[in-house]
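# Chain and residue survey
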Amino acid sequence: MMNVDVEIYCKNFKRFFLNNPTSKNELLSTVPGVSFENFMVEITKTAEYNFEKGGDPSVTRKQILDILNDLYMEYVLENQKELAEEVGLIDKPLIDESKVFQNLNGFNIGLN
């Protein structure tokens, strides 16, 4: 169950953006593929963490930027693999084929 202070902070944070759609659009326009709902989930997690560590749920500007960056990176890695490889986010295959396939008498056999 969420702490009351965290809940109030998150509701006010969300209300600000819902009451100021221009601010919401400006924020999300900087990070294609990031939804407001996912952003708020991460804001809530961060607010809970901040409250547990220091007693104050306030999310810092740096934390907001880190959240947006992390969500954007997830989007790129999930939906734009070629772009991620091109810009160096993925520099090797995610799965080592030698651990999945074995060559036996010239045939690749799957190890499962």
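The structure this text deals with has already been given above.
The notes below deal with the structure included here. (Residues numbered from 1 in each chain as written. Predicted model: local features only at pLDDT ≥ 70, side-chain atom pairs only at ≥ 80, totals over all residues. Heavy atoms only, no water.)

### Observations concerning the nonpolar core
The nonpolar side chains of a soluble globular protein tend to be buried, and buried together. Judged by nonpolar contacts, the single largest core of 19 residues is most densely connected at Phe 13, Phe 39, Ile 43 and Ile 64. At the level of elements, helix H1 (4–19), helix H2 (21–29), helix H3 (36–54) and helix H4 (61–79) are the ones that each hand at least two residues to this core. Setting aside residues up to four positions removed in sequence, Ile 43 forms contacts with Phe 13, Val 59, Ile 64 and Ile 67. (Core = buried A, V, L, I, M, F, W, Y, C linked by side-chain atoms within 4.5 Å. Buried < 20%, exposed > 50% of the residue type's maximum accessible area, 1.4 Å probe, protein only. Helix = DSSP H or I, 4+ residues; strand = E, 2+ residues; numbered from the N terminus. Contact = heavy atoms within 4.5 Å.)

### Here's the deal with H1
What sets the pattern is the α-helix's 3.6 residues per turn: residues three or four places apart point alike. Between its first and last C-alpha atoms H1 spans 22 Å; for 16 residues at 1.5 Å apiece the expected length is 22 Å, and the two agree. Considering only its buried residues, H1 is in contact with H2, H3 and H4. Among the residues of H1, the N-terminal cap falls to Asn 3, whose side-chain oxygen and the backbone nitrogen of Asp 5 are separated by 2.6 Å. (Expected span 1.5 Å × (residues − 1). Polar contact = N/O pair within 3.5 Å; in protein donor to acceptor, adjacent residues only side chain to side chain.)

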